[in-house]
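Here is what each chain is made of, one letter per residue.
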Amino acid sequence: MTERGSIWVLNGPNLNLLGEREPGIYGGDSLADIEVRCAEAAQTTGFALDFRQSNHEGELVAWIQEARSSATGLAINAGAYTHTSVAVHDALRLLDIPIVEVHLSNIFAREEFRHKSYISAAATGVVCGFGSHSYVLAIYALAARMDL
Ligand code: CA2
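Here is what the cut-offs are and how they apply
Residues numbered from 1 in each chain as written. Predicted model: local features only at pLDDT ≥ 70, side-chain atom pairs only at ≥ 80, totals over all residues. Heavy atoms only, no water. Helix = DSSP H or I, 4+ residues; strand = E, 2+ residues; numbered from the N terminus. Buried < 20%, exposed > 50% of the residue type's maximum accessible area, 1.4 Å probe, protein only. Contact = heavy atoms within 4.5 Å. Phe/Tyr/Trp six-rings, centres within 6.5 Å; stacked < 30°, edge-to-face > 60°. Lys NZ or Arg CZ within 6 Å of the ring centre and 35° of its normal.

A. Summary view of the side chain of serine 105. On the secondary structure map, serine 105 appears in the loop between strand S4 (99–103) and strand S5 (125–128). Since its relative accessible area comes to 8%, serine 105 is described here as buried. Setting aside anything within four residues of it in sequence, one finds serine 105 in contact with Ile25, Tyr26, Arg110, Cys128 and Gly129.

So this is what it looks like as structure tokens:
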């Protein structure tokens, strides 16, 4: 069912390897597990889901541009590009849809270099620190935002 449109969930570098290392920081779920949880949340709230991962900054930028005409809401875990990418920031600023920045870990309770996000200023809101549940919360936040 796609009655309410499509929520896109974009994932940045190294997130394809989730579940293989550092479960104490990122949890034990693989990215495929997270996609299943997102699909359930999207179905419950009445949205289609488009879930993608790339290790390449330019590909993420191209997908964000594509989302301009195809997505009704966007959740993004830009991984390490969160802390470096003006290009991702600029692409997000071109969107007219709600955007939720997502992180598995609480980036503010970690190293100083993770405290700076280039995504936050372009996002509607931020969810971090809840492991894979951060993604589910992001989808519910997007759905609620589209009810306003
Ligand atoms: O907490 C998050 O979701 C992060 O976006 C994850 C990024 C990190 O650079 C950000 O500061 C916070 C790193 C993703 C690395 O993914 C891994 C995959 C497998 C094993 C370890 C890390």
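And the narrative resumes.
B. Examining the packing of aromatic side chains more closely. By the definition in use, this model includes one aromatic pair. Considering the side-chain rings of phenylalanine 51 and tyrosine 135, the 6.5 Å spacing of their centres and the 40 degrees angle between planes classify their relative orientation as tilted. Taken together, the positions of phenylalanine 51 in strand S2 (residues 48–53) and tyrosine 135 in helix H5 (residues 133–147) put the pair 84 residues apart, joining distant regions of the chain. For arginine 52, the ring lying beneath its charged end belongs to tryptophan 8, and the centroid distance is 4.3 Å. It is lysine 116 that lies over the ring of tyrosine 118; its NZ or CZ is 4.8 Å from the centre.

C. The arrangement of the environment of alanine 121 in detail. Structurally, the position occupied by alanine 121 is in the loop between S4 and S5. Using a relative accessible area of 62% as the deciding quantity, one classes alanine 121 as exposed. C-alpha separation for the pair alanine 121 and phenylalanine 47, spaced 74 residues apart in sequence, amounts to 25 Å.

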